[in-house]
Amino acid sequence: MTQNKIDTTGIILLSTFFLLLLFAGYLSYKSIDWNVLKRLESQPLVLPTPIPTQAISTSPTASPSATIKP
């Protein structure tokens with residue numbers, strides 16, 4: 001029975017990936033323009049008015065050929 005060991009190449013690759021991911025998150029956090037965000041949040045939300053729809057009956061009607069014969 002062989003046991004799988006974690007090699008140093010895998011550790012280096014995973015560490016590099018997570019460090020770069022952390023750095024990208026930091027850069028995206030720093031690039032947020034907080035003044036624009038606060039200005040957008042302070043504006044009232046304008047939603048379109050809903051279009052009134054009439055209730056349409058879509059129930060099928062029974063025809064004479066649709067009767068059940070014993």
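Note that residues are indexed from 1 along each chain, following the sequence as it is written. Totals for whole chains, interfaces and linings use all residues, but because this is a predicted model, local features are given only for residues with pLDDT of at least 70 and pairs of side-chain atoms are given and counted only at 80 or more. With hydrogens and water set aside, each side-chain value is computed from the structure's full complement of heavy atoms.

1. Details of the overall build of the chain
- Secondary structure elements follow DSSP: runs of H or I of four or more residues count as helices, runs of E of two or more count as strands, with numbering from the N terminus. Tallying secondary structure elements over the chain gives 2 helices and 0 strands in all.
- Burial analysis of the chain (70 residues in total) assigns 0% to the buried set.
- What sets the accessible areas is the Shrake-Rupley method with a 1.4 Å probe; for residues, cover comes only from the shown protein chains. Element-wise, carbon and sulfur atoms account for 66% of the exposed surface of the chain, whose accessible area totals about 7,800 Å². Here the term buried applies to any residue with accessible area under 20% of the maximum for its type, exposed to any over 50%, and partly exposed to those in between, with areas from a 1.4 Å probe on protein chains only.

2. Remarks on the UniProt feature "transmembrane region" (unreviewed entry) in the chain
- UniProt positions are given in the numbering used here, feature names are shortened, and annotations may be inferred rather than shown by experiment. According to UniProt, the positions carrying the feature "transmembrane region" (unreviewed entry) are residues 12-29.
- Secondary structure content for residues 12-29 is 100% helix and 0% strand, and the end C-alpha separation is 26 Å.

3. Brief notes about the packing of aromatic side chains
- Stacked, edge-to-face and tilted are the three classes for Phe, Tyr and Trp ring pairs, Trp counted by its six-membered ring, which pair at centre distances within 6.5 Å; planes under 30 degrees apart are stacked, over 60 edge-to-face, the rest tilted. The full count for this structure, using the stated rule, is 2 aromatic pairs.
- Ring geometry for Phe-17 against Phe-18: centres 5.2 Å apart, planes inclined by 65°, an arrangement best described as edge-to-face.
- Judged by relative accessible area, which is 47%, Phe-17 ranks as partly exposed.
- Arranged with centres 5.9 Å apart and planes meeting at 65°, the rings of Tyr-29 and Trp-34 form a pair that is edge-to-face.
- Residue Trp-34 is classed as partly exposed on the basis of its relative accessible area of 40%.

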